[in-house]
Structure formats: structure tokens, C-alpha cells
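# Per-entry structural report
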Amino acid sequence: MDYDALVRDFLDDADCHLNVLDSALISLEQNGHDPEVVRQTLGALHTLKGNSGMMGYESFKNYIHLTEELLKKISDGDADRQLPELINILGDGANIIRNALQGIGKDNSSNPDLSENLRSLRRYIDGAEYSAVKPAVDPDAYLGVRTDTIKVDFTRLDALLDLVGELVIFKTRLGQLEGRIQAELFSKPLAKELNESLELMGKTVSGLQEGIMRARMLPVSHVFNRFPKMVRDIAASHGKEIRLVFEGEDTELDKTVIDELGEPLIHIIRNAIDHGIEAPGERRAKGKDGTGTLTLSAVQESNYVIIRVKDDGRGINLERVREIGISRGLISDEDPLDSQGASSLIFAAGFTTKREVDDISGRGIGLDVVHKKISQLNGRVTADSSPDRGTTFTIKLPLSLAIIPALMAEAGGEVYAIPMSAVDENIRADENDIHMINNREVISFREKVMPVIRLDEFFGLGRAQRKGCYMVIIGKADKKLAVAVDRLRGQQEIVIKPLDDTFGKPRGIAGASILGNGRIVLILDVMSFWSNEAADFTTPGLKRKQPGAVSPRPETGT
Amino acid sequence: MTEISLPPSGLAEDILVNFTEQPAELHLVTFSLGEEYGVPIRQVREIVRVGGLTIIPNSPAYIEGVINLRGRVLPVMNLRRRLRLPEKDISKASRIIVTEIGAKVIGLLVDAVSHVVRVPSGAVEDAPEEVLEVDTDYITGVGKLNNRLIIMLDLERLLKREQLETGESGDGPQQIPSSIFERR
């Protein structure tokens, strides 16, 4: 953010706080002392003081501080000073603040000098008579700063987005109608005109949609800024030295995503500090800088934002992950484990329990929670690690939760929407490609063996008689699943509508969307496919040299 | 002040009846599920034809699916199935009664919608105890109108039971280990 914008933000904000002081003084004058009013005003002044300090307005900050002290005299009930007198002096104080702010507004490189006012106020607080020239106020100053920002209740933006969502649906519907009209009125000028107006409307609708989405966005710094203090404190308590670096923190995301992002990030960051980054001595012994570096970065890539948490610590301890995986029954002891398999394992539900928290030397605390949360946001999280070089967690999130791109797929005569964020790729397959391992259907693709979920069976729609089908490869971290569907119907933007939960949450369904023709399609909850798998097919993501040679294991399922 | 005149019976309860909240008439929308049923008209938003149902897999059997009600995804309950009545195919006469129950809007699939009727509250009797089972407290009474019997449903109770039943079952074996990080 450039300096001008910073000053503007400061002034905007200061104006609000000054208004609080103004109205408080009026209220105190009319209604007498009210602890609640004083408390709120003290809060506003405190924030203003903090902001001024951050902006480097030292003298201004000190003046606010004295104003606070003076205000406290009201709540403390200073016997020597009458309320009207205090209110008068505070009123002068408000004007002095107002003038100072106006000064900054006129010349944003200026730094108000209030030393004289400071001295007289100090003397008054210490018990002397108040002797200061009443500040002259330029009437314009009462108007405050002309601001470029307004505060809007988020529910209003939500309502607007809903309307835009409807509009997108109607647009698609009109487009389909137009296709039919075109077919019937082939090459008639009327049809051409319709086509042109529809195209124009389409552009406007897209513009509107983008505009609303932008209005709902906040920079990721909103979340990032919560971490420096936390990192400092945790590092100190663990005797570690850590430098926290931000990159691309002005990348923007929908507020609803931002709101949910803090929790998973905290887990990952705590993990990095607890288990990733070594103590200074250990680091130096390895020839590394004693101070570890933790980098939080954000970057936008088309319709997604990629957030990375990167540390230069010891990396994931493969052996330890393997041991835990085996002891948890997540993998068998014949399974080889590469770093990719390990990083998928740490996200598995049941990989960690409280018992391991203290003695685990790798990482993996609550990472299944991270994974769950990110998936709820229609995003994906992966980990990448190399010994003593560090670990990078990569979170891929859609820009918005409300309108997402989805792959439309048909199964059992119904159409379902699969969020594109989950889709790796899709392939044509036939029955010969599907093999049985341990009574489970699997498919081998790109040297990976992955379980097959037939969507029609999963949903109890009965199995269609067909020769060929499509496999939509969906990825959870590094684990993959192949979802068998009858037909693919292309990609489109869908508006997510929640399903009523009165009757429980149907397994496999995340929500619904309304298509241009008015039909409702259900959106798949890709996450739930794995919880189904976890019980009886535990190592789908791991590479096997000979898929056929795996010895059957007793069913661990329920 | 209302003037109280002594009722011809001279009985105290006949006077007291004037002071209870009970309205003199119940305004019902009645519909057919073989027998005639009724729900309070204030809970009925509108009545729509059946069409464009999308089935919801893995949902309770009595959920017929969802429909698009002017941009809203409306769940539709098959009331026959919910009340464990014999199945009947959707026909031309079938309707969806869009009801508003508390904050919920839910569609009820019925064989046909008959009338809007007014039943004097005096003509409502408790359902005979012998026909009620433990979980049928949503039948609040039987209204008698001319020669008809109207079974009156309390949708709030019907739905409350729903939430209890689905709430208990949970959704599968997935268990998330508790995290060591307290939520702040």
C-alpha cells in the first residue's frame, strides 16, 4: 500500500473516532455522566492513539493520550473538577485534534506539532488552572475528511450477490432460448438482433458479477496481520528464533473465505514453529542461519488464490510418519513410503491424536482439521517437504464461495456438479480398465492405483448398463479417487445454494445450484468420498509396484 | 370491558371458554392422503403443481427431493411416506403445499388439495387415544364438518420430531481427533 493511501485510511478512521468523541461530549453535557459513553469514547481514543503512533505522529499521539487521561477524570469522578469544565476543555481538545487532522489532510507529509497544547493540558491534569487559547476552528474542518471509502453492512453485499447469482442463471436461460429461436428463425434479422442484445447484456452481467465480487474482497493481509505477534510469542516460548516474511499480502479474496482462513493457517504455522523450524543451536550445527524463516505468501492464479506457508526447518520426518501410519493402521508395513505419500498421509483423519502431540518429531498436528476446513472452502491443501530444507504447505482456494466453476457430470440419469477445484482431470475408460483389489474396484492411471467410486451406486441410483464411462479424477492432497460417471456435460459457472438441513445432511452432497433451464442440480461433496473410503481402503494414494500382488488384508472397516 | 351475560347453562366453564385464547374458528387448508387432512392456513404460503423434482440421494426416504421455487431450493417431503401411509404415484391432481414452519420453508407432497375450510373450534375433538401411537403427537385432533372428518396436523411437531430423528443418527464413522489448539 502506498503512503498516500495509508494516510487516507488513517484520516478516514480518525474521523470516525473523532465523531465518537464529539457525540460523547454532547451526550455528557446533556445527560450527565454515563460510564458506558465514557468507556466507548476511551476505546475510540485508544485506537486513534495507536494508529497515530503507527503513522509516526508522535506529538499528536501524546496529545490523544492526555485527552484520554482527562476523560478518565470524568469516570474517576475528580472531586476538584466540575463536569462542565472538563467537558469544555475536552471540547477544545476535540477541536485541536480536528485541526491537526485537517492539517494532515491538506499536506500528507506534515506531522502536526502540538507541543504547546500538550504542555498546557499536562499542567491542567497535574492540578493547575487551564490556561490556553481557545483553538479557532475552520468550519470546513467539521466536515471531516472527504473519504473514498464507505462502510457497508456485509449482508447487503450478500443480498446483492444473491441477485447477481439469479441474474447469471437467467442469462444462461436466455442464452438457451436464444439458441432455439436461432434454430427456428434461421438467419432472420430479428434473431440476429436478439443475439446482439443478448451478447451486450451478457457482458454487462459479467461486469456486474465481477464488480460485486470485487466489492466483497479483502486483502489477505487481514488474516496475515494476526500472525506476527503469535509467531513471536510461540517462537519465544519454544526458544526459537523466527523471522516472519509476507509476500503478496495485498492479494484479495472474498471476505467469507478470509474469515475462514485464519484457523487452518494457525494450525499450519504452529506446526511449522513447533516441529518444523529447529532451535538455533541445532540450526547452526547444520550450517543454517540460527534464525529460521517462515514465509507466508499469496498469489492469484486465474480464479484461484494460492497461499503458501513455507519454512526452512527440518522437513517432514518420513520414518516417523511411516511408523505412525502403520501404528494407526493407515498403511501396512509392506508399503513403501515416499515423500508424496507421506505428505498425503499427514492429512488423513486419524493420523494424529493428542497422545502424539508431545513426542512427535515430525509434524502433523490437527492437519486433518486443516484439510477439512480447506475442503469446505472448496479448496485444496498439499504439503511438500525435503529433509533439512523445509516444508511448504500450499493452499489453493477459489476466489469466491458463492459462484464457482464446476464440471457437470451425468450419472444414473441425474446431473451433478463437481467443483472444478477438486477435479484433476477426466478420462474415458471402460470396464476393462477397472480391476479388483481386496474387493474394491480400482483403476490404474498415470502409475497410480486409485479406488473407483461409481457415482450411480454411491447414490443408490442403480447401475447403468454401459460399456464405456468417464472417470473424473479428483484429488485430495496427493490422494486420488476416480469417480465413474456416464457422461460429461462440460464446465460452467454455478451459483451455490445451501440445502435445507432440516432433514440432515445427505452424504455426498454439498449444496445445490439452479441451472438456466430452472432445473436443480446437486453439487458433490467430494470430501465425503474419502471418509467412505477411509474405513476399508486405506492407502489409495500410495504407489505400489505391483498392484495385483498386494496381499489381502483383513477388513478394517466398520 | 366486555359484557358477560350468563350462559343458558349457567355453568362456569361455559363462561371461562370466552377467556381462553382459542379462536372461535380454525382456518384450515385441507388436502387428501386417502383421508382428509388439514393444516392451519397461516402456515401455508402457496400451493404449486408437482414438477422438476430433483431427487436427493442419501436422504430420508420421505424426502421426495427438491424443487426450484422461484430461485429457492425447496425441500419436498412426501407426506404419505412420512405418515407411513400406503404409497401412491404422483398424478395430475398431486400438489406441493409450500408451508412456512417457524423459519423453515418446506414443501409437502399430497395427493390433492381440497379446500380452505373454517372449522368451529367446538367441532374439533381430540383424536381417539386408541389410534394414536407414541410418535404421532403431530395429530392434534379431528375436525368434524358436516359429514367430513378432517385430521389436523401440527407441522411444527412433525418437523421437530424430524430434527430429533436425523440429529441422533449422526453422519458416519468419520471422527476428527480433537485438535490441541484451542479456538480463540
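The structure presented is a predicted model; accordingly, all values stated were derived computationally and were not measured. (Residues numbered from 1 in each chain as written. Chains lettered and ligands numbered in written order. Predicted model: local features only at pLDDT ≥ 70, side-chain atom pairs only at ≥ 80, totals over all residues.)

Each helix and strand in chain B was counted, giving three helices and eleven strands. Ordered by position from N to C terminus, the α and β elements of chain B give α-β-β-β-β-β-α-β-β-β-β-β-β-α. Within chain B, the proportion of its 184 residues that are buried is 25%. Taking contacts inside chain B between residues at least 6 apart in sequence as the whole, the part at least 24 apart equals 53%. (Helix = DSSP H or I, 4+ residues; strand = E, 2+ residues; numbered from the N terminus. Buried ≥ 20, exposed ≤ 12 C-beta atoms within 10 Å, placed from the backbone. Contact = placed C-beta atoms within 7 Å.)

The next point concerns the overall build of chain A. Per the secondary structure count, chain A includes 16 helices and 18 strands. Counting the 558 residues in chain A, one finds 36% classified as buried. Within chain A, residue pairs in contact and separated by at least 24 positions form 67% of the contacts whose partners lie at least 6 positions apart.

Quick look at the sheet that holds strand β18 (residues 520-524) of chain A now. All names here are of chain A. With respect to topology, five strands assemble into an open sheet ordered β16-β8-β9-β18-β17, the strand pairing being mixed. The open sheet is flanked by β16 (487-495) and β17 (509-514), the only strands paired with a single partner. Averaged over all neighbouring strand pairs, the angle between strand axes comes to 35°, with direction disregarded. Where strand β9 (residues 414-419) meets β18, two bridges bridge the pair, whose relative direction is parallel. (Pairing = 2+ DSSP bridges. Axes fitted to C-alpha atoms, helices over the stretch in contact; angles between N-to-C directions.)

Over its 22 residues, helix α10 (residues 255-276) of chain A extends 30 Å from the first C-alpha to the last, a length consistent with the 32 Å expected when each residue adds 1.5 Å. Of all the bends in α10 of chain A, the greatest, near 35°, is centred on L261 of chain A, and the proline P264 of chain A appears no more than four residues after it. (Expected span 1.5 Å × (residues − 1). Bend = angle between axes of the 7 residues up to and from the residue.)

As a further point, take the nonpolar core. Residue and element names in this part refer to chain A. I269, Y416, I418, L455 and V483 are the most contacted members of the largest nonpolar core, which totals 121 residues. Here the element with the most residues in this core is α10; it accounts for eight residues. Beyond its immediate chain neighbours, meaning those up to four positions away, L455 contacts A411, Y416, V483, A484 and V485. One finds I64, I74, I96 and A100 within the second-largest nonpolar core, a separate group that totals 30 residues. (Core = buried A, V, L, I, M, F, W, Y, C linked by C-beta atoms within 7 Å.)

Residue and element names in this part refer to chain B. Reading across the sheet, the six strands line up as β8-β1-β2-β11-β10-β9 and stay open at both edges, with mixed pairing between neighbours. Only two strands of the sheet have a single neighbouring strand rather than two, namely β8 (112-120) and β9 (124-125). Pairing geometry for strand β1 (residues 25-33) and strand β2 (residues 35-40), over six bridges, is antiparallel. Paired with F31 across the two strands is Y37, which belongs to β2.

Here the focus is the packing of helix α3 (residues 58-76) of chain A against helix α4 (residues 83-106) of chain A. Residue and element names in this part refer to chain A. Orientation of α3 relative to α4, taken along the N-to-C sense of each, is 160°, at an axis distance of 10 Å. The orientation of α3 with respect to α4, classified from their angle, is roughly antiparallel. With respect to the hand of their crossing, α3 and α4 are arranged in left-handed fashion. Counted together, F60, Y63, T67, L70, L71, K73 and I74 of α3 and L83, L86, I89, L90, G93, I96 and A100 of α4 form the full contact between these two elements. (Parallel < 35°, antiparallel > 145°, perpendicular 65-115°, else oblique. Left-handed = near helix turned anticlockwise from the far one by under 90°.)

Residue and element names in this part refer to chain A. Secondary-structure assignment places L185 in the loop between α6 (154-184) and α7 (189-215). A residue is classified by how many C-beta atoms lie within 10 Å of it, and L185, with 13 of them, is partly exposed. Here L185 is in contact with L190 and A191, once residues within four sequence places are set aside.

Okay, the confidence of the model for chain B next. Averaged over every residue, the pLDDT of chain B is 77; residues scoring 70 or more account for 71%. Reported confidence for the predicted complex is 0.72 by ipTM and 0.58 by pTM. (pLDDT = per-residue confidence, 0-100.)

Quick look at α4 of chain A now. Between the first and last C-alpha of α4 of chain A there are 34 Å, a value that for 24 residues agrees with the 34 Å anticipated at 1.5 Å per step. Against α1 (3-31), α3 and α5 (115-125) of chain A lie the buried residues of α4 of chain A.

Okay, the environment of R283 of chain A next. All names here are of chain A. Structurally, the position occupied by R283 is in helix α11 (residues 280-285). Of the residues examined, R283 has 21 C-beta atoms within 10 Å and is grouped as buried. For the pair R283 and D312, spaced 29 residues apart in sequence, the C-alpha to C-alpha distance is 9.9 Å. What R283 contacts, discounting residues up to four positions off in sequence, is E278, K288, D289, G290 and G292.

Before going further, it helps to examine the confidence of the model for chain A. Residue and element names in this part refer to chain A. Of all residues in chain A, 87% have pLDDT values of 70 or greater, and the mean over the chain is 80. pLDDT under 50 marks residues 353-365. Its contacts with residues more than four places away, or in other chains, come to 29 contacts. Predicted confidence for residues 534-558 stays below pLDDT 50, and this span has 47 contacts to residues more than four positions away or in other chains.

As a further point, take unusual backbone geometry. Residue and element names in this part refer to chain A. The phi angle at N378 is positive, at roughly 60°, despite the residue not being glycine. Tracing the backbone shows N378 in the loop between α14 (367-376) and β6 (380-386). Positive phi outside glycine occurs at N439, with the angle close to 65°. With respect to the helices, strands and loops of the structure, N439 is situated in the loop between β11 (434-437) and β12 (440-445).

This part is about the packing of helix α2 (residues 35-55) of chain A against α3 of chain A. Residues and elements named next belong to chain A. Two elements in contact, α2 and α3, have axes separated by 9 Å at closest approach and are oriented at 165°. Taken together, the axes of α2 and α3 are roughly antiparallel relative to one another. Note on packing geometry: the crossing formed by α2 with α3 is left-handed. Note on element contacts: α3 touches α2 through F60, K61, I64, H65, T67, E68, L71, I74 and S75, opposite P35, V38, T41, L42, L45, H46, L48, K49, S52 and G53. The class makeup of the residues in the contact of α2 with α3 is nine nonpolar, seven polar and three charged. (Nonpolar A, V, L, I, M, F, W, Y, C, P; charged D, E, K, R; others polar.)

By the element assignment, N225 of chain A lies in the loop between α8 (221-224) and α9 (227-237). Separated by 24 residues in sequence, N225 of chain A and E249 of chain A place their C-alpha atoms 9.1 Å apart.

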